[in-house]
Amino acid sequence: MQALWALLIRDLKSASRAGGSLTTLIAFYLSLGVILPIAIGPDKPLLASLGPALIWTGVLLSSLLGLDRIFVADHDDGSLTAFRHTRLGLSAISFVKLIVHWLTTALPLIVLTPVMGVLFSIDLDTLFAVMLTLLLGTPAITALSLVAAALSVSLKRGAVIAPILVMPLAIPAVIFGVGAAKPVLGAGQAETALLFLSAMSLVFVAFAPFAAALALRVSQE
Amino acid sequence: MTDQGETISTNWFSQLAHPGFFMRWSAYLIWPLALISAVLFAVGLWFALFHSPADYQMGETVRIMYVHVPNAWLSQFCYGIMAVSAVGTLVWRHPMADVSMKAAAPLGAAFTAMALVSGALWGRPTWGTFWEWDGRMTSTLILFLIYLGLIALWRTFEDQLRAAKVVAVLTLVGAVNIPIIKFSVDWWNTLHQPSTFFRADGPKAPASIITPLLTMTLAFTVLFLLLHVLRMRTEVTKRKADRLEHLKIARQQKAS
């Protein structure tokens, strides 16, 4: 347990000191917040009605941007080989990686979402709903990213292929995430979507570390 | 590689794993499968084109169904084959399982694409549109994307033996996800489109439609099996050729 804490803190430190990656993430997300309204036109009611869908798409695309960071540094400097022989087990280590990736990728995007809300001129209630669904739904996306990063860790073109693998599998999260945030729905439907979204995040987070560990093991031998 | 006479194992399962043994028995499958498939296609097409009634609403275009439904069935059947092969690769480390998995992926993508295209061509005259965001069509399109991802992953690896295990993990992750995707897309679809389309392949269809439909489905399935065996044989031969190429290079380096 102590070792896992140490690993968590080490990864958070190296993420904060590596520099640039958080700035890239923020810049990419905000660029989408500018490009989408420009492409659609300054039609405020239209933007407001599309808002939740655009924000969810933006978060999905932005979080795929730094996906290869999850394991690549550890693979390059040999830490991953060391991890394979620790008593902790690769699954536990993958779980720590999942938490770190969520804290350094999904959380900043959720914190920035009010800015996107202003750009898309969505009202406060919808904004809170979107932020809630992002909070509940992004763990599922992070879990899928973890598996894809583990699959592509030894590849030179891993950063290109991994997002292609995640996107079709992340579709349910987008469906329920946007569905729960839609203001037009009745309370019952939104609640169903919210429950399914949470269930999916829980299941994916529970299984992803094992799948990622398996992928790491087979791609190294 | 083909002479495995004296080291032959008594266990049929490990015998099956021997590529040389596979090449020997699968050679006898090709002509029978091709013949059965050709006969089934001939009978099925004859029934479908001349001996089934035109629909009172859709007219002659209903006959597209006899191509569309078998392809849609194969798009899922092929993923099933791949998932079973993935288990074979990861659990038993069966050398033919990953060959089977690799051979099936492009076939699955092709049959899924044919299901989508024939569906679009059928949709145009009957629904007045090439594409409708209907639950089944959407999840078939997502399945197509998953196939493309798997093929792309195969191609990024140089070492195909290592690729097999990695792709097997993704295939199984996909297999777990497909029901979730199907369910979520259906939920999304009922939310946006409460209207339901007619179901041509419902149980109420008369025998004059069921007979050609079943024959064509069987014909396409046998065709799939034939192509699958052929692709597996090609893959085994390709790996042999690659190995020989490596040996040749190694020998040249040794000599120089």
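Residues numbered from 1 in each chain as written. Chains lettered and ligands numbered in written order. Predicted model: local features only at pLDDT ≥ 70, side-chain atom pairs only at ≥ 80, totals over all residues. Heavy atoms only, no water.

Draft legend 1. Representation of the interface of chain B and chain A. Contacts between chain B and chain A engage 27 residues on the former and 30 residues on the latter. Counting each side, the surface lost to burial between chain B and chain A is near 2,600 Å², with a carbon and sulfur contribution of 81%. Area buried by chain B at its contact with chain A is led by Thr156(B), Arg162(B) and Trp187(B), which between them contribute 22% of it. At the junction of chain B with chain A, the criterion picks out zero salt bridges. Here the side of chain B that touches chain A takes 17 residues from helix H6 (residues 160-192) of chain B, the largest share from any one element. (Contact = heavy atoms within 4.5 Å. Buried area = accessible area lost by both parts, 1.4 Å probe. Salt bridge = Lys/Arg side-chain N within 4 Å of Asp/Glu carboxyl O. Helix = DSSP H or I, 4+ residues; strand = E, 2+ residues; numbered from the N terminus.)

Draft legend 2. Looking closely at the pattern of salt bridges. In the structure shown here, the tally under the stated rule is eight salt bridges over all chains. Across the pair Lys97(A) and Asp74(A) runs a salt bridge whose closest N-O atoms are separated by 2.3 Å. Placement of the pair is Lys97(A) in helix H6 (residues 90-119) and Asp74(A) in helix H4 (residues 69-76), with a sequence separation of 23 residues. Taken as a pair, Lys97(A) and Asp74(A) share a single burial class, namely buried. Arg239(B) is the partner of Asp98(B) in a salt bridge, and the nearest nitrogen-oxygen pair spans 3.0 Å. Linking Asp98(B) in helix H4 (residues 95-127) with Arg239(B) in helix H7 (residues 207-255), this pair joins segments that are 141 residues apart in sequence. For Arg239(B), a relative accessible area of 22% corresponds to the partly exposed category. Among the ionic contacts, a cluster of salt bridges with common partners joins Arg10(A), Asp11(A), Asp74(A) and Lys97(A). (Buried < 20%, exposed > 50% of the residue type's maximum accessible area, 1.4 Å probe, protein only.)

Draft legend 3. Spotlight on helix H8 (residues 158-181) of chain A. Residues and elements named next belong to chain A. With 24 residues, H8 extends 33 Å between its outermost C-alpha atoms, agreeing within 8% with the 34 Å of an ideal straight helix rising 1.5 Å per residue. Along H8, the helix axis deviates most sharply at Ala-170, where the bend reaches about 45 degrees; the proline Pro-172 sits within four residues downstream. Of all 24 residues that make up H8, 18 are buried, and the element is covered over most of its length. (Expected span 1.5 Å × (residues − 1). Bend = angle between axes of the 7 residues up to and from the residue.)

Draft legend 4. Inspection of the confidence of the model for chain B at higher detail. All names here are of chain B. Across chain B, the average pLDDT comes to 82, with 86% of residues at or above 70. Confidence, read as mean pLDDT per element, is least for helix H1 (residues 12-16) in chain B (67) and greatest for helix H3 (residues 65-92) (90). Contacts for the low-pLDDT stretch residues 1-9, under 50 throughout, to residues beyond four places or in other chains number eleven contacts. Segment residues 194-203 is flagged for pLDDT under 50; beyond a separation of four residues in sequence, or across chains, it makes eleven contacts in the model. (pLDDT = per-residue confidence, 0-100.)

Draft legend 5. Structural view of the packing of H4(B) against H7(B). Residue and element names in this part refer to chain B. Packing of H4 against H7 brings their axes to within 9 Å, and their N-to-C directions diverge by 135 degrees. If you check the angle between H4 and H7, you find them oblique. The way H4 lies across H7 gives a crossing that is right-handed. Only Phe-220, Phe-224, Leu-227, His-228, Arg-231, Met-232, Glu-235, Val-236, Lys-238 and Arg-239 of H7 make contact with H4, whose side of the interface consists of Met-96, Asp-98, Val-99, Ser-100, Lys-102, Ala-103, Ala-104, Pro-106, Leu-107, Phe-111 and Met-114. (Axes fitted to C-alpha atoms, helices over the stretch in contact; angles between N-to-C directions. Parallel < 35°, antiparallel > 145°, perpendicular 65-115°, else oblique. Left-handed = near helix turned anticlockwise from the far one by under 90°.)

Draft legend 6. Representation of a nonpolar patch on the surface in the model. Residues and elements named next belong to chain A. Among the surface-exposed residues, Leu-12, Phe-95, Ile-99 and Leu-103 lie close enough to one another that they form a single nonpolar patch of about 270 Å² accessible area. Sorting elements by how many residues they give to the nonpolar patch places H6 first, with three residues. Among the residues examined, Phe-95 registers a relative accessible area of 37% and is labelled partly exposed. (Patch = residues over 30% accessible without salt bridge, like charges linked within 9 Å, V, L, I, M, F, W, Y side chains within 5 Å. Areas by Shrake-Rupley, 256 points an atom, 1.4 Å probe, with all protein chains shown as cover.)

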